[in-house]
Amino acid sequence: MELAQLKGVLEGLLFASGDEGISMAQIKKVLSANGETVELLLEELKYDYEHGQRGLSILEQKGVYYLTTKSEHALYFEKMQETNSSSKLSQAALETLAIIAYQQPITRVEIEDIRGVKSDGPIQTLVSRFLIEECGRKETSGRPILFQTTKEFLTFFGLTSLDELPPLPDENLQEAVQDADLFFNDMEEPSA
(Lines give C-alpha, C1' and ligand atoms only; values in the text may rest on other atoms or scores of the structure.)
Protein backbone atom coordinates (compact mmCIF):
# COMPACT_ATOMS: atom_id res chain seq x y z
CA MET A 1 0.00 0.00 0.00
CA GLU A 2 1.39 3.42 -0.82
CA LEU A 3 2.00 6.17 1.75
CA ALA A 4 -1.04 8.26 0.76
CA GLN A 5 -3.32 5.28 1.33
CA LEU A 6 -1.62 4.45 4.64
CA LYS A 7 -2.09 8.05 5.75
CA GLY A 8 -5.82 7.75 5.04
CA VAL A 9 -6.00 4.49 6.98
CA LEU A 10 -4.12 6.08 9.89
CA GLU A 11 -6.55 9.00 9.92
CA GLY A 12 -9.42 6.51 10.11
CA LEU A 13 -7.69 4.63 12.93
CA LEU A 14 -7.30 7.86 14.91
CA PHE A 15 -10.96 8.66 14.38
CA ALA A 16 -12.16 5.14 15.25
CA SER A 17 -10.03 4.98 18.41
CA GLY A 18 -12.06 7.87 19.88
CA ASP A 19 -11.39 8.82 23.50
CA GLU A 20 -9.20 5.76 24.01
CA GLY A 21 -6.62 6.88 21.46
CA ILE A 22 -4.15 4.58 19.76
CA SER A 23 -0.55 3.81 20.66
CA MET A 24 2.42 3.74 18.31
CA ALA A 25 2.67 -0.04 18.81
CA GLN A 26 -0.96 -0.51 17.82
CA ILE A 27 -0.54 1.67 14.74
CA LYS A 28 2.58 -0.24 13.64
CA LYS A 29 0.80 -3.57 14.13
CA VAL A 30 -2.40 -2.59 12.30
CA LEU A 31 -0.59 -0.92 9.39
CA SER A 32 2.16 -3.58 9.29
CA ALA A 33 4.62 -0.69 9.14
CA ASN A 34 7.85 0.19 10.93
CA GLY A 35 8.18 3.03 13.42
CA GLU A 36 9.89 5.35 10.95
CA THR A 37 7.02 5.03 8.46
CA VAL A 38 4.39 5.58 11.15
CA GLU A 39 6.21 8.67 12.45
CA LEU A 40 6.37 10.04 8.89
CA LEU A 41 2.63 9.42 8.42
CA LEU A 42 1.80 11.09 11.76
CA GLU A 43 3.96 14.12 10.89
CA GLU A 44 2.28 14.45 7.48
CA LEU A 45 -1.18 14.24 9.05
CA LYS A 46 -0.22 16.80 11.68
CA TYR A 47 1.08 19.11 8.96
CA ASP A 48 -2.12 18.69 6.92
CA TYR A 49 -4.25 19.58 9.95
CA GLU A 50 -2.10 22.53 11.02
CA HIS A 51 -1.66 24.15 7.61
CA GLY A 52 -5.07 23.58 6.07
CA GLN A 53 -8.39 25.06 7.00
CA ARG A 54 -9.15 22.00 9.08
CA GLY A 55 -11.02 21.64 12.35
CA LEU A 56 -8.97 18.76 13.71
CA SER A 57 -5.52 18.19 15.11
CA ILE A 58 -3.53 15.26 16.45
CA LEU A 59 -2.69 15.18 20.12
CA GLU A 60 0.00 12.88 21.54
CA GLN A 61 -0.11 12.19 25.24
CA LYS A 62 2.01 9.57 27.01
CA GLY A 63 2.65 7.71 23.76
CA VAL A 64 -1.02 7.58 22.77
CA TYR A 65 -2.34 9.53 19.78
CA TYR A 66 -5.78 11.16 19.64
CA LEU A 67 -7.73 12.99 17.00
CA THR A 68 -9.04 16.18 18.63
CA THR A 69 -10.77 19.39 17.70
CA LYS A 70 -8.74 22.58 17.49
CA SER A 71 -8.75 24.65 20.66
CA GLU A 72 -9.28 27.88 18.72
CA HIS A 73 -12.73 26.59 17.76
CA ALA A 74 -13.79 26.07 21.40
CA LEU A 75 -16.35 28.89 21.28
CA TYR A 76 -18.31 27.02 18.60
CA PHE A 77 -18.25 23.78 20.56
CA GLU A 78 -19.58 25.63 23.61
CA LYS A 79 -22.42 27.01 21.49
CA MET A 80 -23.15 23.49 20.26
CA GLN A 81 -23.28 22.26 23.88
CA GLU A 82 -25.75 25.02 24.71
CA THR A 83 -28.05 23.98 21.87
CA ASN A 84 -27.74 20.30 22.82
CA SER A 85 -28.50 21.00 26.47
CA SER A 86 -31.73 22.73 25.48
CA SER A 87 -33.20 19.32 24.69
CA LYS A 88 -33.90 18.29 28.26
CA LEU A 89 -34.78 14.85 29.45
CA SER A 90 -38.46 14.19 29.94
CA GLN A 91 -39.88 13.54 33.40
CA ALA A 92 -40.28 9.87 32.48
CA ALA A 93 -36.63 9.65 31.37
CA LEU A 94 -35.47 11.36 34.58
CA GLU A 95 -37.51 8.95 36.72
CA THR A 96 -36.12 5.99 34.83
CA LEU A 97 -32.57 7.33 35.08
CA ALA A 98 -32.91 7.87 38.83
CA ILE A 99 -34.18 4.31 39.31
CA ILE A 100 -31.32 2.86 37.26
CA ALA A 101 -28.71 5.03 39.02
CA TYR A 102 -29.77 3.84 42.46
CA GLN A 103 -30.82 0.25 41.70
CA GLN A 104 -28.32 -0.83 39.03
CA PRO A 105 -27.98 -3.30 37.54
CA ILE A 106 -31.72 -3.50 36.93
CA THR A 107 -34.06 -4.95 34.31
CA ARG A 108 -36.76 -3.12 32.36
CA VAL A 109 -39.47 -5.09 34.20
CA GLU A 110 -38.01 -4.10 37.58
CA ILE A 111 -37.98 -0.46 36.47
CA GLU A 112 -41.60 -0.71 35.36
CA ASP A 113 -42.56 -2.31 38.69
CA ILE A 114 -41.12 0.71 40.51
CA ARG A 115 -42.54 3.34 38.12
CA GLY A 116 -45.87 1.60 37.63
CA VAL A 117 -45.84 2.30 33.87
CA LYS A 118 -44.13 1.05 30.71
CA SER A 119 -40.57 2.31 30.37
CA ASP A 120 -39.51 1.28 26.87
CA GLY A 121 -39.45 4.87 25.55
CA PRO A 122 -37.47 6.40 28.42
CA ILE A 123 -34.98 3.51 28.32
CA GLN A 124 -34.45 4.00 24.57
CA THR A 125 -33.93 7.74 25.11
CA LEU A 126 -31.36 7.12 27.84
CA VAL A 127 -29.52 4.51 25.75
CA SER A 128 -29.47 6.85 22.72
CA ARG A 129 -27.97 9.61 24.88
CA PHE A 130 -25.37 7.16 26.24
CA LEU A 131 -26.52 7.74 29.83
CA ILE A 132 -27.29 4.04 30.36
CA GLU A 133 -26.12 0.84 28.73
CA GLU A 134 -26.81 -2.86 28.71
CA CYS A 135 -24.53 -4.66 31.15
CA GLY A 136 -25.48 -8.30 30.78
CA ARG A 137 -28.44 -10.51 31.46
CA LYS A 138 -30.11 -11.52 34.69
CA GLU A 139 -29.86 -15.22 35.54
CA THR A 140 -33.62 -15.78 35.70
CA SER A 141 -36.21 -17.16 33.33
CA GLY A 142 -36.12 -15.30 30.03
CA ARG A 143 -32.69 -13.85 30.90
CA PRO A 144 -33.82 -10.19 30.75
CA ILE A 145 -31.32 -7.45 29.88
CA LEU A 146 -29.73 -5.58 32.79
CA PHE A 147 -29.10 -1.83 32.57
CA GLN A 148 -26.55 0.38 34.33
CA THR A 149 -25.38 3.97 34.07
CA THR A 150 -22.35 4.87 31.94
CA LYS A 151 -19.30 7.05 32.46
CA GLU A 152 -21.09 9.60 30.23
CA PHE A 153 -23.82 9.67 32.92
CA LEU A 154 -21.20 10.65 35.51
CA THR A 155 -19.73 13.28 33.19
CA PHE A 156 -23.15 14.67 32.25
CA PHE A 157 -24.08 15.22 35.89
CA GLY A 158 -20.59 16.31 37.00
CA LEU A 159 -19.97 13.28 39.21
CA THR A 160 -16.72 11.37 39.62
CA SER A 161 -18.40 8.22 40.96
CA LEU A 162 -21.80 6.86 41.91
CA ASP A 163 -20.82 7.38 45.54
CA GLU A 164 -21.47 11.09 44.99
CA LEU A 165 -25.18 10.50 44.39
CA PRO A 166 -27.19 11.92 47.27
CA PRO A 167 -28.25 9.22 49.73
CA LEU A 168 -31.80 7.99 49.45
CA PRO A 169 -33.98 8.50 52.49
CA ASP A 170 -35.38 5.40 54.17
CA GLU A 171 -38.89 6.34 53.01
CA ASN A 172 -40.70 4.37 50.34
CA LEU A 173 -38.94 3.99 47.02
CA GLN A 174 -41.47 6.06 45.04
CA GLU A 175 -40.80 9.15 47.19
CA ALA A 176 -37.07 8.51 47.02
CA VAL A 177 -37.21 8.35 43.23
CA GLN A 178 -39.04 11.70 43.20
CA ASP A 179 -36.28 13.19 45.40
CA ALA A 180 -33.66 11.80 43.01
CA ASP A 181 -35.59 13.30 40.08
CA LEU A 182 -35.25 16.72 41.69
CA PHE A 183 -31.49 16.16 42.02
CA PHE A 184 -31.16 15.18 38.35
CA ASN A 185 -33.35 18.09 37.24
CA ASP A 186 -31.05 20.48 39.14
CA MET A 187 -27.91 18.83 37.75
CA GLU A 188 -29.19 18.74 34.16
CA GLU A 189 -28.46 22.44 33.77
CA PRO A 190 -24.72 22.39 32.88
CA SER A 191 -22.75 25.24 34.38
CA ALA A 192 -21.27 27.64 31.84
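The rules behind the values
- Counting restarts for each chain: residues are numbered from 1 in the order of the written sequence.
- Only residues with pLDDT of 70 or above have their local features reported here, since the model is predicted, and side-chain atom pairs are shown and tallied only from 80 upward, although totals for entire chains, interfaces and linings are computed over all residues.
- Based on all heavy atoms of the structure, the side-chain values leave hydrogens and waters out of the count.
- For helices the rule is a DSSP run of H or I covering at least 4 residues; for strands it is a run of E covering at least 2, with both sets numbered from the N terminus onward.
- Note on classification: 1.4 Å probe, protein chains only; a residue is buried when its accessible area is under 20% of the maximum for its type, exposed when over 50%, partly exposed between these limits.
- Between two residues, a contact is recorded if the distance between any of their heavy atoms is within 4.5 Å.
- Under the convention used here, a 1.4 Å probe and the Shrake-Rupley method define accessible areas, while residue burial counts only the protein chains that appear.
- Within this analysis, the arc is defined by the directions that extend from the helix axis to the C-beta atoms.
- What makes a nonpolar core is a set of buried Ala, Val, Leu, Ile, Met, Phe, Trp, Tyr and Cys residues whose side-chain atoms join them at distances within 4.5 Å.
- Structural elements are reduced to axes, namely lines fitted to C-alpha atoms, with helices fitted over the stretch in contact, and the angle between N-to-C directions of any two is expressed from 0 to 180 degrees.
- Working rule for angles: under 35 degrees goes down as roughly parallel, over 145 as roughly antiparallel, 65 to 115 as roughly perpendicular, anything else as oblique.
- Each residue is assigned to one of three groups, with Ala, Val, Leu, Ile, Met, Phe, Trp, Tyr, Cys and Pro labelled nonpolar, Asp, Glu, Lys and Arg labelled charged, and all others, Gly among them, labelled polar.
- Classification of ring pairs rests on two measures: the distance between centres of Phe, Tyr or Trp rings, Trp counted by its six-membered ring, which must be within 6.5 Å, and the angle between planes, read as stacked under 30 degrees, edge-to-face over 60 and tilted in between.
- Pairing between strands is defined by DSSP: at least two bridges between them are needed.
- Salt-bridge detection follows one rule: a side-chain nitrogen of Lys or Arg within 4 Å of a carboxyl oxygen of Asp or Glu.

Colleague: Whenever I open this one, the overall build of the chain confuses me. Can you help?
Modeller: Scanning the chain from terminus to terminus reveals nine helices and six strands. Burial statistics for the chain: of 192 residues in total, 32% are counted as buried. Taking contacts inside the chain between residues at least 6 apart in sequence as the whole, the part at least 24 apart equals 49%. When the accessible surface of the chain is split by element, carbon and sulfur atoms take 52% of a total near 12,100 Å².

Colleague: Before we go on, may I ask you to explain helix H6 (residues 108–115) in this structure?
Modeller: Residue pairs three or four apart in sequence face the same way in an α-helix, which turns once every 3.6 residues. Of all the residues in H6, the buried ones are Ile111, Glu112, Ile114 and Arg115. Across the axial projection of H6, the buried residues extend over an arc of 160°, all falling on one side. Just downstream of H6, glycine 116 is the residue with a positive phi angle, here 85°.

Colleague: Any chance you could explain the nonpolar core here in plain terms?
Modeller: In terms of nonpolar packing, the biggest core is built from 20 residues, with Leu89, Leu97, Ile100, Leu126, Ile132 and Phe153 touching the most fellow members. Elements with a contribution of two residues or more to this core: helix H5 (91–103), H6, helix H7 (120–128) and helix H8 (151–156). Here this core gets six residues from one element, more than from any other, and that element is H5. Aside from chain neighbours lying at most four places away, what touches leucine 126 is Leu89, Ala93, Thr96, Leu97, Ile100, Leu131 and Ile132. Core analysis: the second largest hydrophobic core is formed by 17 residues, Leu13, Ala33, Leu41 and Tyr49 among them.

Colleague: I keep staring at the packing of helix H1 (residues 3–17) against helix H3 (residues 35–51) and nothing clicks. Help me out?
Modeller: When two helices pack together, you describe them by how their axes are tilted relative to each other and by the distance separating the axes. One way to put it is that H1 packs onto H3 with a least axis distance of 10 Å and a crossing angle of 75°. In terms of their interaxial angle, H1 and H3 are classed as roughly perpendicular. Every residue of H3 that contacts H1 at Leu3, Leu6, Lys7, Leu10, Glu11 and Leu14 is listed here: Thr37, Leu40, Leu41, Leu42, Glu44, Leu45, Asp48 and Tyr49.

Colleague: What is the right way to look at the packing of helix H2 (residues 24–31) against H3 in this model?
Modeller: The interhelical angle for the contact between H2 and H3, taken along N-to-C directions, is 105°, at an axis separation of 10 Å. Taken as axis vectors, H2 and H3 run roughly perpendicular relative to one another. Here H2 contributes Met24, Ile27, Lys28 and Leu31 to the contact with H3, which in turn contributes Gly35, Val38, Glu39, Leu41 and Leu42. For the contact of H2 with H3, a count of residues per class yields six nonpolar, one polar and two charged.

Colleague: Teacher, can you tell me more about the packing of aromatic side chains here?
Modeller: Aromatic ring pairs are defined here through the distance separating the ring centres and the angle between the ring planes. Counted under the stated rule, the structure contains two aromatic pairs. An aromatic cluster is defined as three or more aromatic residues linked by ring pairs; in this entry it consists of Phe153, Phe156 and Phe157.

Colleague: Any chance you could explain the sheet that holds strand S5 (residues 132–137) here in plain terms?
Modeller: Strand order in the open sheet formed by three strands is S4-S6-S5, with antiparallel pairing between adjacent strands. The sheet is open, and its two edges are formed by strand S4 (106–107) and S5, each paired on a single side. Across two bridges, the pairing between S4 and strand S6 (residues 145–149) is antiparallel. By the bridge assignment, isoleucine 106 is partnered in S6 with phenylalanine 147.

Colleague: For this particular structure, what's the right way to read the environment of glutamate 133?
Modeller: Topologically, glutamate 133 is positioned in strand S5. Every residue in contact with glutamate 133, bar those within four places of it in the chain, is listed here: Leu146, Phe147, Gln148, Thr149 and Thr150.

Colleague: Looking at this model, I keep getting lost on the pattern of salt bridges. Mind explaining?
Modeller: Pairing between side chains becomes possible if they bear opposite charge and their charged atoms approach one another. One pass over the full model with this rule turns up nine salt bridges. Here lysine 7 and glutamate 44 are joined by a salt bridge, their closest N and O atoms 3.6 Å apart. Pair noted here: lysine 7 is in helix H1 and glutamate 44 is in helix H3, with a separation of 37 residues, a long-range link. In this structure, aspartate 120 and arginine 108 form a salt bridge, with 3.4 Å as the shortest nitrogen-oxygen distance.

Colleague: Even after reading the chapter, I still don't get the sheet that holds strand S3 (residues 64–69), so can you show me in this structure?
Modeller: Across the sheet, which stays open at both edges, the three strands sit in the order S1-S3-S2 with antiparallel pairing between neighbours. Lying at the two open borders of the sheet, with one neighbouring strand each, are strand S1 (22–23) and strand S2 (56–61). In terms of strand pairing, S1 meets S3 through two bridges, oriented antiparallel. For isoleucine 22, the partnering residue across the bridge sits in S3 and is tyrosine 65. Here H1 sits on the sheet in contact with S1, S2 and S3, set at roughly 80° to S3. Across the sheet, H3 is in contact with S2 and S3; its angle to S2 comes to roughly 135°.

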